[in-house]
Amino acid sequence: MKTFKEVLEVESKKEYFIELQIFLDQEYQEKIIYPQREDIYNAIRICELEDVKVLILGQDPYHGPNQAHGLAFSVQKGVKIPPSLVNIFKEVQSDMEQEVNDHGDLTYLARQGVCLLNTVFTVPASTPNGHAKKGWEQFSDAIIDACNQREKPMVFILWGKNAISKAKYIDQTKHCVLTSVHPSPLSAYRGFFGSKPFSKANEFLIQHHQEPIHWGK
(Lines give C-alpha, C1' and ligand atoms only; values in the text may rest on other atoms or scores of the structure.)
Protein backbone atom coordinates (compact mmCIF):
# COMPACT_ATOMS: atom_id res chain seq x y z
CA MET A 1 0.00 0.00 0.00
CA LYS A 2 1.41 3.36 -1.03
CA THR A 3 -1.37 5.64 0.24
CA PHE A 4 -4.07 5.73 2.88
CA LYS A 5 -6.54 6.28 0.02
CA GLU A 6 -5.61 2.86 -1.34
CA VAL A 7 -6.11 1.31 2.10
CA LEU A 8 -9.55 2.95 2.27
CA GLU A 9 -10.45 1.69 -1.21
CA VAL A 10 -9.49 -1.90 -0.31
CA GLU A 11 -11.32 -1.84 3.03
CA SER A 12 -14.42 -0.14 1.57
CA LYS A 13 -15.11 -3.24 -0.56
CA LYS A 14 -15.21 -5.55 2.49
CA GLU A 15 -18.49 -6.63 4.04
CA TYR A 16 -17.78 -5.12 7.48
CA PHE A 17 -17.11 -1.69 5.95
CA ILE A 18 -20.20 -1.75 3.75
CA GLU A 19 -22.32 -2.63 6.81
CA LEU A 20 -20.59 0.15 8.78
CA GLN A 21 -21.49 2.73 6.11
CA ILE A 22 -25.15 1.62 6.08
CA PHE A 23 -25.19 1.96 9.86
CA LEU A 24 -23.60 5.44 9.67
CA ASP A 25 -26.06 6.62 7.00
CA GLN A 26 -28.90 5.90 9.40
CA GLU A 27 -27.08 7.31 12.45
CA TYR A 28 -26.25 10.62 10.75
CA GLN A 29 -29.89 10.95 9.64
CA GLU A 30 -31.43 10.20 13.03
CA LYS A 31 -28.91 11.51 15.60
CA ILE A 32 -26.24 14.11 16.20
CA ILE A 33 -22.98 12.37 15.30
CA TYR A 34 -19.44 13.71 15.66
CA PRO A 35 -17.36 14.66 13.79
CA GLN A 36 -19.05 16.19 10.73
CA ARG A 37 -19.14 13.57 8.02
CA GLU A 38 -16.62 15.41 5.82
CA ASP A 39 -14.12 15.40 8.71
CA ILE A 40 -14.25 11.67 9.55
CA TYR A 41 -11.03 10.80 7.69
CA ASN A 42 -8.97 13.91 8.45
CA ALA A 43 -6.30 11.87 10.30
CA ILE A 44 -5.46 9.98 7.10
CA ARG A 45 -6.28 12.83 4.71
CA ILE A 46 -4.04 15.56 6.15
CA CYS A 47 -1.14 13.18 6.81
CA GLU A 48 -0.29 10.78 3.98
CA LEU A 49 1.00 7.24 4.61
CA GLU A 50 4.48 7.82 3.17
CA ASP A 51 4.82 11.01 5.23
CA VAL A 52 3.89 9.56 8.64
CA LYS A 53 6.66 9.91 11.21
CA VAL A 54 4.61 9.35 14.37
CA LEU A 55 1.24 7.66 14.94
CA ILE A 56 -0.61 8.60 18.14
CA LEU A 57 -3.56 6.31 18.82
CA GLY A 58 -6.68 7.64 20.54
CA GLN A 59 -9.91 5.84 21.41
CA ASP A 60 -12.98 7.56 19.96
CA PRO A 61 -13.83 11.20 19.14
CA TYR A 62 -14.92 13.79 21.68
CA HIS A 63 -18.70 13.67 22.07
CA GLY A 64 -19.45 17.35 22.79
CA PRO A 65 -20.54 20.10 20.36
CA ASN A 66 -17.89 21.52 17.99
CA GLN A 67 -15.07 19.46 19.52
CA ALA A 68 -14.19 16.55 17.23
CA HIS A 69 -12.84 17.20 13.75
CA GLY A 70 -11.25 13.89 12.80
CA LEU A 71 -7.92 14.10 14.64
CA ALA A 72 -7.39 12.17 17.89
CA PHE A 73 -7.07 14.37 21.00
CA SER A 74 -7.62 17.52 18.89
CA VAL A 75 -10.49 20.02 19.14
CA GLN A 76 -11.49 22.85 16.87
CA LYS A 77 -10.27 26.35 17.60
CA GLY A 78 -12.51 28.31 19.95
CA VAL A 79 -13.45 25.20 21.96
CA LYS A 80 -12.20 24.71 25.52
CA ILE A 81 -9.14 22.44 25.58
CA PRO A 82 -10.20 19.05 27.04
CA PRO A 83 -8.45 17.69 30.16
CA SER A 84 -6.46 14.97 28.35
CA LEU A 85 -5.09 17.50 25.88
CA VAL A 86 -4.28 19.92 28.72
CA ASN A 87 -2.11 17.13 30.17
CA ILE A 88 -0.53 16.38 26.78
CA PHE A 89 0.41 20.06 26.47
CA LYS A 90 1.86 20.02 30.02
CA GLU A 91 4.09 17.11 29.04
CA VAL A 92 5.14 18.86 25.81
CA GLN A 93 6.16 21.90 27.88
CA SER A 94 8.16 19.92 30.44
CA ASP A 95 9.62 17.39 27.98
CA MET A 96 10.47 19.71 25.09
CA GLU A 97 10.67 23.10 26.88
CA GLN A 98 8.47 24.51 24.12
CA GLU A 99 5.51 26.85 24.42
CA VAL A 100 2.12 25.39 23.47
CA ASN A 101 -0.88 26.92 21.72
CA ASP A 102 -3.78 28.47 23.57
CA HIS A 103 -6.15 26.36 21.42
CA GLY A 104 -6.49 22.61 20.96
CA ASP A 105 -6.36 22.29 17.17
CA LEU A 106 -3.57 19.79 16.44
CA THR A 107 -3.66 20.19 12.66
CA TYR A 108 -0.14 21.67 12.90
CA LEU A 109 1.10 18.27 14.10
CA ALA A 110 -0.76 16.35 11.38
CA ARG A 111 0.92 18.54 8.77
CA GLN A 112 4.33 17.57 10.17
CA GLY A 113 3.66 13.85 9.82
CA VAL A 114 1.85 12.98 13.06
CA CYS A 115 -1.09 10.68 12.31
CA LEU A 116 -3.62 11.37 15.08
CA LEU A 117 -5.67 8.21 14.69
CA ASN A 118 -8.70 7.22 16.72
CA THR A 119 -9.54 3.51 17.02
CA VAL A 120 -13.19 4.44 16.39
CA PHE A 121 -13.86 7.32 13.98
CA THR A 122 -17.37 8.48 14.98
CA VAL A 123 -19.45 8.95 18.13
CA PRO A 124 -23.05 9.95 18.95
CA ALA A 125 -23.47 13.18 20.93
CA SER A 126 -22.98 12.65 24.68
CA THR A 127 -22.44 8.89 24.21
CA PRO A 128 -18.77 7.89 24.57
CA ASN A 129 -18.00 4.58 22.85
CA GLY A 130 -21.44 4.71 21.23
CA HIS A 131 -19.98 3.51 17.91
CA ALA A 132 -17.56 0.97 19.36
CA LYS A 133 -17.69 -2.54 17.90
CA LYS A 134 -19.47 -1.41 14.73
CA GLY A 135 -16.51 -2.01 12.40
CA TRP A 136 -14.26 1.00 12.91
CA GLU A 137 -11.78 -1.06 14.94
CA GLN A 138 -11.13 -3.32 11.94
CA PHE A 139 -10.52 -0.27 9.76
CA SER A 140 -8.14 1.42 12.21
CA ASP A 141 -6.26 -1.90 12.50
CA ALA A 142 -5.84 -1.81 8.70
CA ILE A 143 -4.37 1.71 8.97
CA ILE A 144 -1.97 0.58 11.72
CA ASP A 145 -1.00 -2.45 9.61
CA ALA A 146 -0.31 -0.26 6.57
CA CYS A 147 2.01 1.88 8.70
CA ASN A 148 3.68 -1.22 10.13
CA GLN A 149 4.26 -2.70 6.65
CA ARG A 150 6.05 0.42 5.51
CA GLU A 151 9.82 0.16 5.02
CA LYS A 152 10.59 3.56 6.56
CA PRO A 153 10.83 3.36 10.38
CA MET A 154 8.34 5.39 12.42
CA VAL A 155 7.16 5.92 16.00
CA PHE A 156 3.94 4.55 17.48
CA ILE A 157 2.79 6.32 20.67
CA LEU A 158 0.27 4.18 22.56
CA TRP A 159 -1.37 5.64 25.67
CA GLY A 160 -3.66 3.52 27.84
CA LYS A 161 -4.68 -0.12 27.83
CA ASN A 162 -6.72 -0.09 24.61
CA ALA A 163 -3.97 1.56 22.58
CA ILE A 164 -1.20 -0.57 24.11
CA SER A 165 -3.09 -3.71 23.04
CA LYS A 166 -2.14 -2.81 19.44
CA ALA A 167 1.59 -3.09 20.17
CA LYS A 168 1.52 -6.80 19.34
CA TYR A 169 0.74 -5.94 15.70
CA ILE A 170 3.79 -3.71 15.31
CA ASP A 171 7.26 -4.86 14.22
CA GLN A 172 9.39 -3.44 17.01
CA THR A 173 12.61 -4.50 15.33
CA LYS A 174 11.89 -1.80 12.73
CA HIS A 175 9.62 0.73 14.44
CA CYS A 176 9.71 2.47 17.82
CA VAL A 177 6.78 1.81 20.20
CA LEU A 178 6.34 4.17 23.17
CA THR A 179 3.72 3.29 25.78
CA SER A 180 2.38 4.77 29.00
CA VAL A 181 -0.87 5.23 30.89
CA HIS A 182 -3.46 7.48 29.27
CA PRO A 183 -3.06 11.28 29.65
CA SER A 184 -6.56 11.63 31.12
CA PRO A 185 -6.78 13.19 34.62
CA LEU A 186 -7.74 9.74 35.97
CA SER A 187 -4.35 8.24 35.12
CA ALA A 188 -1.86 10.93 34.02
CA TYR A 189 -0.13 11.06 37.42
CA ARG A 190 0.44 7.30 37.33
CA GLY A 191 3.13 7.44 34.66
CA PHE A 192 2.15 9.74 31.81
CA PHE A 193 3.78 12.82 33.29
CA GLY A 194 7.53 12.41 32.95
CA SER A 195 7.31 9.66 30.32
CA LYS A 196 8.92 12.03 27.75
CA PRO A 197 7.25 10.55 24.65
CA PHE A 198 7.90 13.61 22.50
CA SER A 199 11.66 13.84 23.00
CA LYS A 200 11.97 10.04 22.69
CA ALA A 201 10.05 10.13 19.40
CA ASN A 202 12.31 12.87 18.08
CA GLU A 203 15.46 11.01 19.14
CA PHE A 204 14.30 7.99 17.12
CA LEU A 205 13.46 10.13 14.08
CA ILE A 206 16.85 11.84 14.18
CA GLN A 207 18.61 8.47 14.51
CA HIS A 208 16.80 7.39 11.34
CA HIS A 209 17.67 10.56 9.41
CA GLN A 210 14.21 12.13 9.60
CA GLU A 211 13.24 15.64 10.60
CA PRO A 212 12.04 15.80 14.23
CA ILE A 213 8.55 17.05 15.09
CA HIS A 214 8.10 20.52 16.54
CA TRP A 215 5.60 19.59 19.25
CA GLY A 216 5.01 23.10 20.58
CA LYS A 217 3.28 25.99 18.87
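Everything discussed here concerns the structure shown above.
The following paragraphs examine the structure supplied in this document.

Side note on the pattern of salt bridges
So, point 1. In the structure shown here, the tally under the stated rule is 4 salt bridges.
So, point 2. Here Glu11 makes a salt bridge to Lys14, at a shortest N to O gap of 2.9 Å.
So, point 3. We classify Glu11 as buried; its relative accessible area is 7%.
So, point 4. Residue Lys14 is classed as partly exposed on the basis of its relative accessible area, which comes to 35%.
So, point 5. The closest approach of N and O atoms between Asp25 and Arg37, which form a salt bridge, is 2.9 Å. One end of the pair, Asp25, is in helix 2 (residues 15-30); the other, Arg37, is in the loop between strand 1 (33-34) and helix 3 (42-45), and 12 residues separate them in sequence.

Section: the side chain of Thr122
So, point 1. Along the chain, the position of Thr122 falls in the loop between strand 3 (114-118) and strand 4 (123-124).
So, point 2. Side chain to side chain, Thr122 and His131 meet in a polar contact 2.7 Å long.
So, point 3. Within the structure, the side chain of Thr122 is placed 2.8 Å from the side chain of Trp136, a separation counted as a polar contact.
So, point 4. Each residue touching Thr122, except ones within four places of it in the same chain, is listed here: Leu24, Tyr28, Ile33, Tyr34, Pro35, Ile40, Pro61, His131 and Trp136.

Some details on the sheet that holds strand 5 (residues 155-159)
So, point 1. Spatial ordering of the open sheet is given by 3-2-5-6, a layout of 4 strands whose pairing is parallel. At either end of the open sheet lies a strand with only one pairing partner, and these are strand 3 and strand 6 (176-180). Going from strand to strand, the sheet's axes swing by 20 degrees on average, the running direction of each strand aside.
So, point 2. Bridging between strand 2 (residues 54-58) and strand 5 involves 4 bridges; their strand directions are parallel. Bridge pairing links Leu57 to Leu158 in strand 5.

Conventions and cut-offs
- Residues numbered from 1 in each chain as written.
- Predicted model: local features only at pLDDT ≥ 70, side-chain atom pairs only at ≥ 80, totals over all residues.
- Heavy atoms only, no water.
- Salt bridge = Lys/Arg side-chain N within 4 Å of Asp/Glu carboxyl O.
- Buried < 20%, exposed > 50% of the residue type's maximum accessible area, 1.4 Å probe, protein only.
- Helix = DSSP H or I, 4+ residues; strand = E, 2+ residues; numbered from the N terminus.
- Polar contact = N/O pair within 3.5 Å; in protein donor to acceptor, adjacent residues only side chain to side chain.
- Contact = heavy atoms within 4.5 Å.
- Pairing = 2+ DSSP bridges.
- Axes fitted to C-alpha atoms, helices over the stretch in contact; angles between N-to-C directions.

Scope: geometric values only; no functional claims are made or implied.
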